[in-house]
Each structure stands twice: as structure tokens, then as C-alpha cells.
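# An overview of the molecular structure
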Amino acid sequence: ARKRIGITRAHLEEDTARNTHTIGGGNSGVDFNRSGVSLLEIVTEPDIRSADEAYAYLTALKQIIQYLGVSDCNMEEGSLRAEANISLRPAGVTEFGTKTEVKNVASFSGVQRAIEYEIARQKQALGRGESIVQETRGWDADRGITFSQRSKESAHDYRYFPEPDLVPIVVDEAWENAIRASLPELPQARRA
């Protein structure tokens, strides 16, 4: 079955460096080799309801990105990253629960496993009457667990604002139609 996943925003940011942390060892490293590289971040609407849906979405997105020649999508080399926000809510409730963000996941199957783990962890905590803390969690693939990296004090931990030195890009309908006409056949259309 097909499902439409909405896009909240797609924005460009600059990669500053890559942090690596050892679990329990208290050591961190900083790799500046990708410093200055432009990153496209695509943020979805909260339309994904399971780890399987997240896996299917990421797979479809990767195919589109590769077909368009935007990236080779090599996760091991950092050409593609996926971070998941997970929150639970009781059936019938419209308001989302407190979310956690899982980072440092090296594969789509890892994202799927991290989401499954985090859903189970949050269910257990809520079942014990505990509150979920809004935080960034890392993924330990060897142990199959998430772990706390840092707390986020508010939902506005990240603030997006226009770059004052860049003029807005206005995309008129003619330009948009010309770009659409130049695109290659996308994977979904090819399968059909």
C-alpha cells in the first residue's frame, strides 16, 4: 500500500564537522574533512507511524536522490544520513507525546531497529508511569540499544531563520515546469 509522507521543509546547511564518541570511554573525536560541504536536510511531517514505514520511506527517498544524480547516498561515507524522531501517544489522542531524536545510525536497517527499540523503551517507561525526556539519543548497533547523548530543554532547540546575506530565490511556474520537464523518469513511474 502506498502512503504519502508530507515534507515540512527542505533546507541547506553547512557541514561543520563530524563527531564520534566512544560509549563509556569518555572519548570524542572531531573529523573536519567534510567541513564546508553543503547539506540538504529534508524534514518530514509526523506521518510515519512505524519502523517499517520509516524504512520504506528512506528506501524510496534514496532511490529518488540517486536517480536524480544528487548523491551516491553512501551512508558509510556520510553522503546520506537519517535521524529519527520518536514519540508515543495513546490511541485516540491527537497531541503527540514527548519526542526523542536518534542519531548516529549508519544504515536504513539500523534506523528501523533503533525506532523499534525506542518505541519499546518509551512504552516500558510510560507503563511504569515515567515521563519521557526530550533528548538526543545515540544508536549502539552492536548492543542494539539507544543511549542518551544530550537533553533538549525545549522544542525550539533549533531555530531556523533566513540567511541575511542571501537574497530569496523566487521560483516562478515557468521555471518549475522547465525543471520538471528536464527530470529523468523517477523510480515509482519506472516501476509502474
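This text goes with the structure placed above it.
Now for a look at the structure at hand. Sequence order sets the numbering: in each chain, residues are counted from 1 along the sequence as written. Since the coordinates come from a predicted model, pLDDT governs what is reported: local features require at least 70, and pairs of side-chain atoms require 80 or more to be given and counted, while whole-chain, interface and lining totals use all residues. For the side-chain quantities, the full set of heavy atoms in the structure was used; hydrogens and water were omitted.

## Overview of the overall build of the protein chain
Short version of the rule: Each helix is a run of DSSP H or I of at least 4 residues and each strand a run of E of at least 2, with the numbering of both proceeding from the N terminus. Only protein chains enter the accessibility calculation, which uses a 1.4 Å probe; a residue whose area is less than 20% of its type maximum is buried, one above 50% is exposed, and one in between is partly exposed. Here a residue-residue contact requires only that any non-hydrogen atoms of the pair lie within 4.5 Å. Computed by Shrake-Rupley with a 1.4 Å probe, the accessible areas treat only the displayed protein chains as cover when residues are assessed. Two residue types count as positive, namely Lys and Arg, and two as negative, namely Asp and Glu; His and chain ends fall outside the count. Charged side chains are reduced to one point each, which is NZ for Lys, CZ for Arg, CG for Asp and CD for Glu.
On a plain count of helices and strands, the protein chain comes out with four helices and eight strands. Helices (α) and strands (β) of the protein chain occur, in sequence order from the N terminus, as β-β-β-β-α-β-β-α-β-β-α-α. Taken over the C-alpha atoms alone, the protein chain extends approximately 55 × 45 × 35 Å along its principal axes. Of all 192 residues assigned to the protein chain, the portion counted as buried reaches 24%. Taking the intrachain contacts of the protein chain between residues at least 6 apart in sequence as the baseline, contacts between residues at least 24 apart amount to 56%. Working note: accessible area of the protein chain is about 13,800 Å², and carbon and sulfur atoms make up 51% of it. Each charge sign in the protein chain was given a centre, from 24 positive and 29 negative side chains, and these centres are 6 Å apart.

## Here we look at the sheet that holds strand E7 (residues 135-140)
Stated formally: We treat two strands as partners when DSSP finds at least two bridges between them. To get an axis, fit a line to the C-alpha atoms, keeping to the stretch in contact for a helix; angles then go from 0 to 180 degrees between the N-to-C directions.
Taken in spatial order, the four strands of this open sheet run E5-E6-E7-E8, and their pairing is mixed. Every interior strand has two partners, whereas the edge strands, strand E5 (84-86) and strand E8 (145-151), have only one. Ignoring which end each strand starts from, the neighbouring axes of this sheet average 35° apart. With four bridges joining them, strand E6 (residues 100-103) and E7 adopt parallel strand pairing. Paired with Glu-101 across the strands is Thr-136, a residue of E7.

## Brief notes about the side chain of Glu-135
For clarity, the cut-off: In protein, a polar contact means a hydrogen-donor-capable atom and an acceptor-capable atom, both N or O and within 3.5 Å, with residues adjacent in sequence counting only if both atoms are side-chain atoms; elsewhere, any N or O pair within 3.5 Å suffices.
In this fold, Glu-135 is placed in strand E7. Since its relative accessible area comes to 8%, Glu-135 is described here as buried. Within polar-contact distance, the side chain of Glu-135 engages the side chain of Arg-137 at 2.6 Å. At 2.6 Å, the side chain of Glu-135 forms a polar contact with the side chain of Ser-148.

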